[in-house]
Amino acid sequence: MKTRKLGSQGLEVSALGLGCMGMSDFYGGRDEAESVATINLALDRGVTFLDTADMYGVGANEELVGRVVRERREWVVVATKFGIDRGADGKGRSINGRPDYVRHACDASLKRTGLDVIDLYYQHRVDPDVPIEETVGAMAELVTAGKVKYLGLSEASPATIRRAHAAHPITALQTEYSLWSRDPEAEILPTVRELGIGFVPYSPLGRGFLTGQITAPDDLAADDFRRHHPRFQGEAFQSNLDLVKAVGAMASDKGCTPAQLALAWVLAQGHDVVPIPGTKRRTYLEDNLGAIDVTLDADDIARIDAIMPPGAAEGQRYADMASIDR
């Protein structure tokens, strides 16, 4: 497994990480044994970067990741997040960046994971009612206290990123980025590169759509949140499926799978980019890891850009974009 540096504070991780959210929430059903096996296989294959959050499974995902990684703690980088408060029953959802909440959330995450320190701690969503300097100031106190090593933001605007980085060095920005979500190219990527902040794309496979494995809404479990996702609905679904078929045709020409081509494209966007494709199954993990060996030349990139230029995907990337910092 190749490695990449995230930010300019010294953090180095595997070129591909593993998003663990779907093991506990949102994508229909849980299979803890398979999830544990998937994490262990990822670690066996050299993946050192695991991504979770306190709101995934209302804490269950942090507990799962913590149980698996504690035996290999010395070289595994665990990233988790705070800031989306779902309540104990998981039914509510509010954004909270108040300093007292930051401290409480960190202690709760440390307890659930069983770790002595959080390697990378993200603010999951920016709280519009709390100055970012106050939130990051509280996060910086956690670094001083030895509870957190590096700080990150998720779905933050360029202006917020600059203000946060001025308050304390930000190591990584996590934002949705893939062939069908290319908005960060306009302002986000130039901003983080100017400031020396690493970039962590989540959903680099378009929530699974870019794998070519989803050909009809009924391919999704009844409780899968994608059934209500704008890009998986009606005419948008068919329009996006046509794009994916074109990606699949190119992947066939390259001798790789659609997922590998989509991930190889993200990896080719720069050595400061570390995608975290999520999966809860070993089969898909093996497929994703094959992207490391897919090389794209200038002609390949041009062909992909012709297939999926910025804005090609039909539908918003969230049903409700209100919580995205702009």
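So, here's what we can say about the structure. Everything numeric here is computed off the predicted structure, so don't read it as measured data.

## Quick notes on the overall build of the protein chain
Line of reasoning, step 1. The helix and strand inventory of the protein chain stands at 10 helices and 11 strands.
Line of reasoning, step 2. Scaling as 2.2 N^0.38, a compact globule of 326 residues should have a C-alpha radius of gyration of about 20 Å, and the protein chain matches this with 19 Å.
Line of reasoning, step 3. Principal-axis analysis of the C-alpha atoms places the extent of the protein chain at approximately 55 × 40 × 35 Å.
Line of reasoning, step 4. Each of the 326 residues in the protein chain was classed as buried or not, and the buried ones make up 57%.
Line of reasoning, step 5. Across the protein chain, every contact between residues at least 6 apart in sequence was considered, and the portion connecting residues at least 24 apart equals 75%.

## Some points on the environment of Q174
Line of reasoning, step 1. Residue placement: Q174 occurs in strand β10 (residues 172–176).
Line of reasoning, step 2. Put simply, Q174 and T80 are 94 residues apart on the chain and 11 Å apart in space, counted from C-alpha to C-alpha.
Line of reasoning, step 3. Q174 has contacts with D51, K81, Y122, L153, S154, E155, V200, Y202 and I276, leaving out every residue within four places of it along the chain.

## Observations regarding the packing of helix α1 (residues 32–44) against helix α2 (residues 60–69)
Line of reasoning, step 1. Viewed as axis vectors pointing N to C, α1 and α2 meet at an angle of 50 degrees, and their least axial separation amounts to 10 Å. Taken together, the axes of α1 and α2 lie oblique to each other. The way α1 lies across α2 gives a crossing that is right-handed. On α2, the residues touching E32, S35, V36, I39, N40 and L43 of α1 are L64, V65, R67 and V68.
Line of reasoning, step 2. Tallied by class, the residues present in the contact of α1 with α2 amount to six nonpolar, two polar and two charged.

## Comments concerning the pairing of strand β5 (residues 77–82)
Line of reasoning, step 1. Counted residue by residue, β5 has six buried out of six residues, so it is predominantly covered.
Line of reasoning, step 2. Along β5, one buried face is formed by V77, A79 and K81 and the opposite face, lined by V78, T80 and F82, is buried too.
Line of reasoning, step 3. Sheet analysis places strand β4 (residues 49–51) next to β5, joined by three bridges and oriented parallel. Note that in β5 the partner of F49 across the bridge is V77.
Line of reasoning, step 4. Between β4 and its parallel partner β5, the chain crosses via α2, and the hand of that crossover is right-handed.
Line of reasoning, step 5. With four bridges connecting them, β5 and strand β8 (residues 118–123) associate as parallel partners. Looking at β8, one finds that T80 is bridged to Y121.

## Considering the packing of aromatic side chains
Line of reasoning, step 1. The full count for this structure, using the stated rule, is eight aromatic pairs.
Line of reasoning, step 2. Relative to F199, the ring of Y177 lies with its centre 5.6 Å away and its plane at 70 degrees, an arrangement referred to as edge-to-face. Within this pair, whereas Y177 is found in the loop between β10 and α6 (188–195), its partner F199 is found in strand β11 (residues 198–202), the two being separated by 22 residues in sequence.
Line of reasoning, step 3. Considering the side-chain rings of W180 and F209, the 5.2 Å spacing of their centres and the 65 degrees angle between planes classify their relative orientation as edge-to-face. On the criterion of sequence distance, the pair formed by W180 in the loop between β10 and α6 and F209 in the loop between β11 and α7 (234–254) is long-range, its members being 29 residues apart.

## Quick word on the environment of M1
Line of reasoning, step 1. You can see M1 is positioned in the segment before β1 (3–6).
Line of reasoning, step 2. For the pair M1 and D107, spaced 106 residues apart in sequence, the C-alpha to C-alpha distance is 32 Å.
Line of reasoning, step 3. Apart from the residues within four sequence positions on either side, M1 is in contact with S14, A15, L16, R45, G46, V47, L289 and I292.

## Description of α6
Line of reasoning, step 1. Listing the buried residues of α6 in full gives I188, L189, T191 and V192. Each buried residue of α6 lies within a common arc of 160 degrees when the element is viewed along its axis, so the set occupies one face.
Line of reasoning, step 2. Structurally, α6 contributes buried residues whose contacts are with α5 (158–167), β10 and β11.
Line of reasoning, step 3. Once α6 ends, the next one or two residues include G196, with phi positive near 75 degrees.

## Describing the sheet that holds strand β9 (residues 148–154)
Line of reasoning, step 1. Taken in spatial order, the seven strands make up an open sheet running β3-β4-β5-β8-β9-β10-β11, and their pairing is parallel. Looking along the sheet, the strands with just one partner apiece sit at the ends: β3 (18–19) and β11.

## A word on the nonpolar core
Line of reasoning, step 1. Counting residues in hydrophobic clusters, the biggest one holds 81 residues, and the most contacted among them are L18, I39, L173 and M308.
Line of reasoning, step 2. Looking at this core element by element, the count peaks at eight residues for helix α8 (residues 258–267).
Line of reasoning, step 3. Every residue in contact with L18, bar those within four places of it in the chain, is listed here: M23, T38, I39, A42, V47, F49, L50, D51, I276, P277, T279 and L285.
Line of reasoning, step 4. Residues V77, A79, Y150 and V200 belong to the second largest nonpolar core, which totals 17 residues.

## Notes on the side chain of H165
Line of reasoning, step 1. As for its position among the elements, H165 is in helix α5.
Line of reasoning, step 2. In this structure the side chain of H165 is engaged in a polar contact, spanning 3.0 Å, whose partner is the backbone nitrogen of I170.

Criteria and cut-off values
Residue positions are given per chain, counting from 1 as you read along its sequence in written order. Residue-level local features of this predicted model are given only where pLDDT is at least 70; pairs of side-chain atoms are given and counted only at 80 or more, and the full residue set underlies all totals for whole chains, interfaces and linings. Think of the side-chain values as coming from all heavy atoms in the structure, minus any hydrogens and water. Numbering of helices and strands starts at the N terminus; helices are DSSP runs of H or I of at least 4 residues and strands are runs of E of at least 2. Two things to know: the radius of gyration comes from C-alpha atoms, and the globule rule equals 2.2 Å times the number of residues to the power 0.38. Three labels apply to residues, based on accessible area from a 1.4 Å probe with only protein chains included: buried if under 20% of the type maximum, exposed if over 50%, partly exposed otherwise in between. The contact rule is simple, with two residues in contact once any of their heavy atoms fall within 4.5 Å. Note on geometry: axes are lines fitted to C-alpha atoms, helical ones only across the stretch in contact, with angles between N-to-C directions running from 0 to 180 degrees. Here roughly perpendicular refers to angles of 65 to 115 degrees, roughly parallel to angles under 35, roughly antiparallel to angles over 145, and oblique to all remaining angles. Handedness of each helix crossing follows the sense of rotation of the near helix against the far helix: counterclockwise by less than a right angle gives left-handed, clockwise gives right-handed. Nonpolar residues are Ala, Val, Leu, Ile, Met, Phe, Trp, Tyr, Cys and Pro. Charged residues are Asp, Glu, Lys and Arg, and all others, Gly as well, are polar. At least two bridges found by DSSP between two strands is the condition for calling them paired. A clockwise path from the first strand over the helix to the second, with the strands pointing away from the viewer, defines a right-handed crossover. Between rings of Phe, Tyr and Trp, where Trp is taken as its six-membered ring, a pair exists when centres lie within 6.5 Å; planes separated by under 30 degrees are stacked, by over 60 edge-to-face, and by other angles tilted. Here the arc refers to the directions that run from the helix axis out to each C-beta atom. For the purposes of this section, nonpolar cores are sets of buried Ala, Val, Leu, Ile, Met, Phe, Trp, Tyr and Cys residues that join through side-chain atoms within 4.5 Å. In protein, a polar contact means a hydrogen-donor-capable atom and an acceptor-capable atom, both N or O and within 3.5 Å, with residues adjacent in sequence counting only if both atoms are side-chain atoms; elsewhere, any N or O pair within 3.5 Å suffices.

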